Amino acid sequence: MDRNEQSGGFTPDRRQFLGVAGAATLAAVGASQLGTTPKAAATSLTGTSFGTVRQIDAGVLNVGYVEAGPADGTPVILMHGFPYDIHSYVEVAPLLAAAGYRVIVPYFRGYGTTTFRSRTTRRDVDQAVFALDVLALMDVLKIEKPILAGYDWGSRTGDIIAALWPHRCRALVSTSGYLITNLAANKLPLPAKSEWAWWYQYYFSTERGELGLTQYRHDLGELIWKFNSPTWNFSDATYDRTAAAFENPDYVSIVIGNYRWRLGLAPAEPRYAGIEKRLQKGPVIGVPTITIDGADDPFTAAGDGSAYRAKFTGPYEHQTLQVGHNVPQEAPQAFADAVIRVDGLKQR
């Protein structure tokens, strides 16, 4: 999440669950870092799940992702946020697959079974790098022009690709609208209530916050889930399934680094300076787009999308749903419907 969007403890059962899930994740991570690429890492939760996670080298990463639907279907890439993972789409993916789409859901860098191919690779955190990661995945999977859909970090990543590389984006579903980070705007204070909502962003700016995320990553993530989605009564098992993804060895450095970068507290990487210069100008998005706001999301700007409407210059629709921040997991049918609908906007 980003300030630009505004212009519990462990139980013994939870520890046991997370230990099993985390062990499966770390087994895959360890194999990748040792130079052997696992074909698939089995999920550890019975019931609703993706089944297996595929691994593929793409750019500097060995990416963990799930795939559903026909191989020749129109491709859709679904992208998660913080502190979430691919399971935000565990109900969306089969709906889209049943409609004939080829669905790809990757773990971002620092999450789940996505790892760096080399120990010596810099753990870059600039907003541009997440878009480059997705483009690299698209290239290796031979996906030229997918529908991009996401929320939180996923919305920002989709926005960047749609804005700078529109020839690589068929259409866009962007929860919370236009989330490309403006570093100058992030230096300015917000109203007190909005600043209070960003407590963890400022917490992460301190050494204490980094230690806190390291030691209490499970509990901290759960607290954020409850704040972000006050009307969503998720189960312990639902949260724990996602929290296993936070056991990635790069999770803390990527999360802390990205939030510090947004506040200008971490240096920008010169290699992305050209991309970032374009992003800081606030480029418009011309591909067919549906934006979605969660009415119960504490970070939703007032105005039913009007705060960012001018940023979308192509075929466009806006929806407001009676859910919180994690729109695809709280309203999977509505989110899947938005993906299908935006695919038709280009024809109008």
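Keep in mind the model is a prediction, meaning the values are calculated, not measured. Residue positions are given per chain, counting from 1 as you read along its sequence in written order. Where local features are concerned, this predicted model is filtered to residues with pLDDT of at least 70; where side-chain atom pairs are given and counted, the filter is 80 or more; whole-chain, interface and lining totals use all residues. Hydrogens and waters are ignored; side-chain quantities use all the structure's heavy atoms.

**What about the pattern of salt bridges?**
So, point 1. What makes a salt bridge here is a side-chain nitrogen of Lys or Arg within 4 Å of a carboxyl oxygen of Asp or Glu, nothing more. Under the defined criterion, the tally for this structure stands at 13 salt bridges.
So, point 2. The salt bridge involving Arg 54 is made with Glu 67; its shortest N-O contact spans 3.3 Å. On the criterion of sequence distance, the pair formed by Arg 54 in strand β2 (residues 52-58) and Glu 67 in strand β3 (residues 61-68) is long-range, its members being 13 residues apart.
So, point 3. Taking the shortest distance from any N to any O, the salt bridge between Arg 341 and Glu 317 comes out at 2.6 Å. One end of the pair, Arg 341, is in helix α12 (residues 332-345); the other, Glu 317, is in strand β10 (residues 316-321), and 24 residues separate them in sequence.
So, point 4. Here the salt bridges share partners, and the residues they tie into one network are Arg 122, Asp 124, Glu 269 and Arg 271. Helix and strand assignments come from DSSP, with helices taken as H or I runs of at least 4 residues and strands as E runs of at least 2, each series counted from the N terminus.

**Considerations on the side chain of Ser 155**
So, point 1. Within the element layout of this structure, Ser 155 appears in helix α4 (residues 153-164).
So, point 2. Relative accessible area decides the class of each residue, using a 1.4 Å probe on protein chains only: under 20% of the type maximum gives buried, over 50% gives exposed, and in between gives partly exposed. Since its relative accessible area comes to 1%, Ser 155 is described here as buried.
So, point 3. When near neighbours in sequence (up to four residues on either side) are disregarded, Ser 155 contacts Gly 150, Ser 174, Thr 175 and Leu 179. The criterion used for residue contact is that any of the two residues' heavy atoms lie within 4.5 Å.

**What about the side chain of Asp 297?**
So, point 1. Examined against the element boundaries, Asp 297 turns out to sit in the loop between β9 (289-294) and β10.
So, point 2. Positive charges come from Lys and Arg, negative ones from Asp and Glu, while His and the chain ends are left out of the count. Within the buried core, Asp 297 has no salt-bridge partner, and the shortest N-O distance to an opposite charge, that of Arg 156, equals 11 Å.
So, point 3. At 2.9 Å, the side chain of Asp 297 and the backbone nitrogen of Phe 299 are in polar contact.
So, point 4. Whenever a nitrogen or oxygen atom comes within 3.5 Å of another N or O atom, the pair is scored as a polar contact, on the condition that within protein one atom can donate a hydrogen and the other can accept it, and that pairs from neighbouring residues in sequence are kept only if both atoms are in side chains. Only 2.7 Å separates the side chain of Asp 297 from the side chain of His 325, close enough to count as a polar contact.
So, point 5. Setting aside residues no more than four positions away along its own chain, Asp 297 makes contact with Ser 176, Asn 228, Val 323, Gly 324 and His 325.

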